[in-house]
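The chain contents come next:
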Amino acid sequence: MRRRSFLLGAATAAVAGTAGYYRQRIVETPANVSYPGMQAGHALRDGAALPAASAHHRHEVVILGAGVAGLSCAWKLAREGFTDFVVVQGPEFAGNAASGQQDELHFPLGAHYLPLPSMASSHVREMLADFGIIESGAGDARPVYDETVLVHSPAERLLRNGRWEDSLLPMTGLSDADLAQHHRFLAYIERLHTQLGNDGRRVFSIPIVLSSQDPAWRALDQITFKQWLEREGYTSPALHWYLNYCCRDDYGAGYDVVSAWAGLHYFASRDGHAANAAEGAVLTWPGGLSVLAERMRQAIDARLGHTRWLMAGTAVRIAETPTGPISTCLTSDAEPRAYTLQSRRTVCAMPLFVAQRLLPDIRAYGYDPAVHASAHAPWLVSNFLLEGYPLEAPGEPLSWDNVVYDGRALGYVVSTHQLLRVARSPRSVFTAYDALSGQSPQAVRQWLTTASPQALRDEASADLIAAYGKEFWRHARRLDITVRGHAMASPLCGYLSNAGLAALREVDGPLLFAHADLSGYSVFEEASWWGVVAAGRILGQSPRA
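Bear in mind that the values here come from a model prediction, so they are computed numbers and not experimental data.

Sorry, what's going on with the overall build of the protein chain here?
Helix and strand content of the protein chain: 18 helices and 21 strands. The globule rule puts the C-alpha radius of gyration for 545 residues at 24 Å, and the 23 Å found for the protein chain is close to it. Its C-alpha atoms give the protein chain principal-axis dimensions of about 70 × 55 × 50 Å. Taking all 545 residues of the protein chain together, the buried fraction comes to 56%. The contacts of the protein chain with a sequence gap of at least 6 include a subset with a gap of at least 24, amounting to 74%. A total accessible area of about 22100 Å² is found for the protein chain, and carbon and sulfur atoms account for 52% of it. Between the centroid of the 47 positive side chains of the protein chain and the centroid of its 53 negative side chains there is a distance of 3 Å.

Quick look at the structure:
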């Protein structure tokens with residue numbers, strides 16, 4: 001049965017989903033708080049002493065980090081028949097694409113969707129085809145996707161003036177002048193999808209290294225997105241709110257500090273289509289992008305015929321020797337053990353603020369952290385396990401993505417939205433996202449180190465309380481908050497001309513770098529690109545540029 005047939009029964013079954021659980025009095029759910037990678041990161045920062053290595057291993061290739069970039073590198077190597085490699089997991093498998101599970105419900109601990117990849121993102125299309133997510137036509141303008149992972153309808157809604165609207169861009173009740181600005185902006189973005197620079201390349205492409213180098217367009221990187229909007233005569237408060245929200249959502253920073261080039265890139269670089277989905281569709285799963293990380297793991301297992309390629313532990317030191325890099329890694333046991341890995345090639349598939357702590361001097365590669373380090377946005381990803389559903393405000397029904405106009409955070413997604421069933425699931429997980437962009441990243445990180453679980457809960461629930469009031473707590477049975485102090489690099493003004501990042505992108509020796517940080521911002525397409533590029537260099541293949 002096609003998923004649209006399942007949805008036919010949803011309206012009549014909606015009442016049943018709210019009747020199963022109701023607390024007699026309001027009790028705010030205690031928060032379980034986790035800080036993935038913080039302990040290991042602070043130990044590196046503070047130069048903690050290491051135990052003597054108890055084991056020594058040698059491999060042709062060592063990949064340090066099992067986030068999207070590291071796994072993509074391993075997937076590409078295995079796909080090409082290269083087998084002598086290991087991946088050191090790091091503090092969290094899948095990194096920003098990790099997920100959790102409670103009572104058989106999966107939910108994201110980080111990224112929760114993937115836009116349909118454009119033609120330029122051929123590495124993502126190859127991956128999705130390998131996993132069966134693209135069922136046919138991976139090289140076509142409109143491939144056929146597995147329909148179960150295309151976001152189901154209704155996909156998004158916006159709570160504004162006490163009513164849910166069916167689009168995140170406010171369009172209801174606005175003046176003719178405001179609406180005209182909205183349409184003018186959307187028409188401009190449509191033209192940018194095919195805009196070429198003076199070098200014949202698309203001005204905005206993803207991965208960004210395939211974008212045009214035309215100086216006239218790259219000059220947009222010297223002003224903020226807000227400044228560009230004001231310069232171009234966009235004054236609509238609703239449009240400004242929407243574009244600021246988009247920057248906070250994708251980059252972890254407001255449009256008053258994000259580069260204008262990056263602000264336009266958000267919209268103009270992605271133009272993927274599907275033969276069996278409406279325009280603007282995305283791919284999503286109850287557990288978010290952890291599914292892609294798990295598919296990579298399974299594909300590598302199958303091609304190598306074993307699981308030993310993935311090693312527990314976190315890299316804590318890299319020594320560069322005449323016979324190749326030697327990496328010291330530390331397990332997370334009650335009594336941590338150290339082991340070393342020697343290789344011909346080592347891939348640093350970790351954030352650059354971590355890599356700089358492992359290497360004797362990263363400046364030898366042209367990257368000076370004091371000059372070239374990107375701002376990294378802190379995030380909260382908070383999962384509320386619900387029994388039944390809170391009463392909704394009028395307007396559009398509960399959707400996959402739910403956003404509060406002028407909300408403190410970035411809204412919430414519903415993990416059970418993708419489940420194919422006639423009746424609404426009696427339980428669900430609402431995943432709330434908060435980029436904490438109201439203060440500087442440094443100030444927020446300082447607050448996060450001292451904030452109580454109650455203070456974090458108040459921040460995590462801000463948009464849900466705005467949507468449902470205190471009655472929301474009658475349904476919340478459990479709350480898990482994931483604190484990511486350095487969740488993603490933010491593309492502030494000048495990031496396109498960052499000479500340090502440009503230098504690390506070109507490194508092709510015993511040591512290689514592979515992480516979304518090389519692009520200056522964090523999305524799946526960029527992280528996987530650098531993993532695939534590193535694998536290509538190991539295999540002697542030249543990357544597209």
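For this particular structure, what's the right way to read the packing of helix H5 (residues 122-130) against helix H18 (residues 524-538)?
Each packed pair of helices is defined by two parameters, the angle between the axes and the distance between the axes. Two elements in contact, H5 and H18, have axes separated by 9 Å at closest approach and are oriented at 90°. With respect to H18, the axis of H5 lies roughly perpendicular. Together, His123, Val124 and Met127 of H5 and Phe524, Glu525, Ser528, Trp529 and Val532 of H18 make up the contact between the two elements. Among the residues making up the contact of H5 with H18, the classes are represented as five nonpolar, two polar and one charged.

Help me understand the pattern of salt bridges, please; the structure alone is not making it clear to me.
For side chains of opposite charge, pairing can occur when their charged atoms come near one another. Taken as a whole and judged by the stated rule, the model has 28 salt bridges. One salt bridge connects Asp130 with Arg303, and the closest N-O pair in it is separated by 2.9 Å. Here the residue Asp130 occupies a position in helix H5, and Arg303 occupies one in helix H11 (residues 290-304), the gap between them amounting to 173 residues. Taking the shortest distance from any N to any O, the salt bridge between Arg157 and Glu392 comes out at 2.9 Å.

Any chance you could explain the sheet that holds strand S20 (residues 476-489) here in plain terms?
Within a sheet, adjacent strands bond to each other through the backbone by hydrogen bonds, running parallel or antiparallel. Strands sit in the order S1-S20-S16-S19-S18-S17-S9-S10 across an open sheet of eight strands; the sheet is mixed. If you trace the sheet from one side to the other, it starts and ends with strand S1 (31-34) and strand S10 (163-165), each paired once. The mean inter-strand angle of the sheet, taken between neighbouring strand axes irrespective of direction, is 25°. Pairing analysis gives four bridges linking strand S9 (residues 156-160) to strand S17 (residues 401-404), with the strands arranged parallel. Paired with Glu156 across the strands is Asp401, a residue of S17. Docked against the sheet, helix H14 (residues 441-450) engages strand S16 (376-387) and S20, running at close to 45° with respect to S16.

Rules used throughout
Residues numbered from 1 in each chain as written. Predicted model: local features only at pLDDT ≥ 70, side-chain atom pairs only at ≥ 80, totals over all residues. Heavy atoms only, no water. Helix = DSSP H or I, 4+ residues; strand = E, 2+ residues; numbered from the N terminus. Rg over C-alpha atoms; globule rule 2.2 N^0.38 Å. Buried < 20%, exposed > 50% of the residue type's maximum accessible area, 1.4 Å probe, protein only. Contact = heavy atoms within 4.5 Å. Areas by Shrake-Rupley, 256 points an atom, 1.4 Å probe, with all protein chains shown as cover. Lys, Arg positive; Asp, Glu negative; His and termini not counted. Charge placed at Lys NZ, Arg CZ, Asp CG, Glu CD. Axes fitted to C-alpha atoms, helices over the stretch in contact; angles between N-to-C directions. Parallel < 35°, antiparallel > 145°, perpendicular 65-115°, else oblique. Nonpolar A, V, L, I, M, F, W, Y, C, P; charged D, E, K, R; others polar. Salt bridge = Lys/Arg side-chain N within 4 Å of Asp/Glu carboxyl O. Pairing = 2+ DSSP bridges.

Read these as layout, nothing more, since geometry by itself doesn't imply function.
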